[in-house]
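Chain residues, written in single-letter form:
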Amino acid sequence: MARRGLPLLRHILRDSAAAASAPPLLKALASAESRRSVTYMPRPGDGTPRAVTLIPGDGIGPLVTGAVRQVMEAMHAPVYFETYEVHGDMDTVPPEVIQSIRKNKVCLKGGLATPVGGGVSSLNVQLRKELDLYASLVHCFNLPGLPTRHQNVDIVVIRENTEGEYSGLEHEVVPGVVESLKVMTKFCSERIAKYAFEYAYLNNRKKVTAVHKANIMKLADGLFLESCREVATKYPGIKYNEIIVDNCCMQLVSKPEQFDVMVTPNLYGNLVANTAAGIAGGTGVMPGGNVGQDHAVFEQGASAGNVGNQKMVEKKKANPVALLLSSAMMLRHLQFPSFADRLETAVKLVILEGEYRTKDLGGDSTTQEVVDAVIAALD
């Protein structure tokens, strides 16, 4: 089925009448196809294959990372993987994994299960802190052909990743009384604000919204807002506004199309990103990544459901779309834009045609069936 979209796409490029009657996605794809040959001029040596650290992770992680490997091999992408076994019940991330990411600069990972309670530290948080991956980016958008309650959703949630409620500073003062510290610093607040505005500027976004609870946490979230306001003055071409987090959640589920780029402290960003993902089509199709000054880790954008359940693993029906789109983000990060374009186009064609979808998208396909359809759709 996915193959049938390609002749139509090529026909649109040649025929103006066909272009007028084409579905919106194919029009967009045709436009991208027509521009592709002049959008990027590589430097000598840019085609050298790049090493990427791969962490399959827990639950459905090996299934969806395996899907990415198959698609990368099928389109002969200039990357190769160094695979390491890391699981959420480990005490720490093994030093050789950290060393590999430091060397390669880029990592692709499946979900890591985080035990609830018990004093066990999240390996996801450990990775972010160890590598100073201070910015989490989740792109939540409507995929043509996938029915959702709201249309015209195109939200980028940029979340501070290293402090706030995730600082991990908790202790029992006396039996039955636990104190958990929320740490906010000017340095971290400023750099996440700068990243959000720079992202908006580089991607032709029109508005940045800061999410906060400064009406209650006047010092901590007040510092975050102060930093965002200072940075906003340096980008006069980008509209800036602020919204309290509880109102933000209500506005997200009632009128999500009003949001563009959202910048948030740590905890709020996790909640907002998962909510936006659910509105735009589900966590199984939303890409994302974590980036710092020197390193980047790409994974499913929204954390809800990124490990799945045992039944899904046994039936091999995990949705690989989110991680496939995240790997397209990775390819663009590595300056392989044409490979990213091909991968995104193929995934969107498969979603549009609707024959191969996993259960969370209303179908009954296996992971492998979706992968085979994406490979068939690669031009």
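Look above for the structure.
The sections below set out a description of the structure shown in this document. Bear in mind the structure is a predicted one, so any value in this text is a computation, not a measurement. (Residues numbered from 1 in each chain as written. Predicted model: local features only at pLDDT ≥ 70, side-chain atom pairs only at ≥ 80, totals over all residues. Heavy atoms only, no water.)

**Examining the overall build of the protein**
To keep it simple, the criterion reads: Helical segments are the DSSP runs of H or I of at least four residues, strand segments are the runs of E of at least two, and each set is numbered from the N terminus. Here's how the labels work: a residue is buried when its accessible area is under 20% of the maximum for its type, exposed when over 50%, partly exposed in between, all with a 1.4 Å probe on protein chains only. Throughout, the Shrake-Rupley method with a 1.4 Å probe supplies accessible areas, and for residues the shown protein chains are the sole cover considered.
On a plain count of helices and strands, the protein comes out with 14 helices and 12 strands. The proportion of buried residues among the 379 residues of the protein is 50%. Summed over its atoms, the accessible surface of the protein is roughly 17,400 Å², and 55% of this surface lies on carbon and sulfur atoms.

**Topic: the sheet that holds strand β11 (residues 287-291)**
Short version of the rule: At least two bridges found by DSSP between two strands are what make those strands a pair. Here the axes come from fitting lines to C-alpha atoms, over the contacting stretch only for helices, and the angles between their N-to-C directions go from 0 to 180 degrees. Any two residues whose heavy atoms approach within 4.5 Å at even a single point are treated as in contact.
Spatial strand order, β2-β1-β3-β12-β11-β4-β5-β10-β8-β9: 10 strands in an open sheet with mixed pairing. Here the strands that pair on one side only, and so sit at the sheet edges, are β2 (79-83) and β9 (239-244). Along the sheet, successive strands turn relative to each other by an average axial angle of 25 degrees, direction set aside. Pairing of strand β8 (residues 207-212) with strand β10 (residues 261-264) involves 3 bridges; the strand directions are parallel. In the sheet register, V208 faces β10, and the bridge partner there is V261. Lying on the sheet, helix α9 (residues 245-254) is in contact with β5 (154-160), β8, β9 and β10; it crosses β9 at an angle near 105 degrees. Across the sheet, helix α10 (residues 266-280) is in contact with β4 (135-141), β5, β8 and β10; its angle to β5 comes to roughly 160 degrees.

**A short note on the layout of surface pockets**
Selection criterion: Both cavities and pockets are sets of points on a 1 Å grid over the protein atoms alone; in a cavity a 1.4 Å probe fits but cannot get out, in a pocket the set is open with protein on both sides within 12 Å along at least five of seven lines, and lining residues sit with an atom within 4 Å of a point. Grid points are joined across faces, edges and corners, and a volume is the space filled by probe spheres set on the points. Charged residues are taken to be Asp, Glu, Lys and Arg, nonpolar residues to be Ala, Val, Leu, Ile, Met, Phe, Trp, Tyr, Cys and Pro, and polar residues to be all remaining types, Gly included. Each domain span listed reflects an automatic or database assignment of domains.
In this model, the second largest pocket occupies a volume close to 910 Å³. Taken together, 41 residues line the second largest pocket, and the ones lying closest to its centre are T114, S122, V125, R128 and Y166. Of all the secondary structure elements, the ones that give two or more residues to the lining of the second largest pocket are α6 (123-130), β4, β5, α10, β11 and β12 (296-300). Its residues assigned to classes, the lining of the second largest pocket shows 12 nonpolar, 22 polar and 7 charged. Each of domain 1 (45-141 + 283-378) and domain 2 (149-280) gives at least three residues to the lining of the second largest pocket.

**Quick look at empty space enclosed by the protein**
The tally for this structure, following the rule as stated, stands at 2 cavities of 30 Å³ or more. In this structure, the largest cavity occupies an estimated 80 Å³ of space. In this structure, the largest cavity is lined by I60, V64, K109, G110, G111, E299, Q300, N306, N319, A322 and L323. Counting only elements with at least two residues in the lining of the largest cavity, the list comes to β12 and α12 (321-333). Partitioned by chemical class, the residues of the lining of the largest cavity number 4 nonpolar, 5 polar and 2 charged. Taken as a whole, the second largest cavity encloses approximately 50 Å³ of empty space. Elements represented by at least two residues in the lining of the second largest cavity include exactly α6 and β12. The element that contributes the greatest number of residues to the lining of the second largest cavity is α6, accounting for 3 residues.

**A closer look at a nonpolar patch on the surface**
Using the following cut-off: Each patch is built from salt-bridge-free residues with over 30% relative accessible area, joining like charges within 9 Å and nonpolar side chains (Val, Leu, Ile, Met, Phe, Trp, Tyr) within 5 Å. Put simply, a salt bridge is a Lys or Arg side-chain nitrogen that is within 4 Å of an Asp or Glu carboxyl oxygen.
Together, V173, V174 and V177 make up an exposed nonpolar region whose accessible area comes to about 230 Å². Structurally, the position occupied by V177 is in strand β7 (residues 177-180).

**Thoughts on the environment of P42**
When you line up the elements, P42 lands in the loop between α3 (24-35) and β1 (50-55). Exposure remark for P42: the relative accessible area of 48% places this residue in the partly exposed category. Separated by 294 residues in the primary sequence, P42 and F336 place their C-alpha atoms 8.8 Å from one another.

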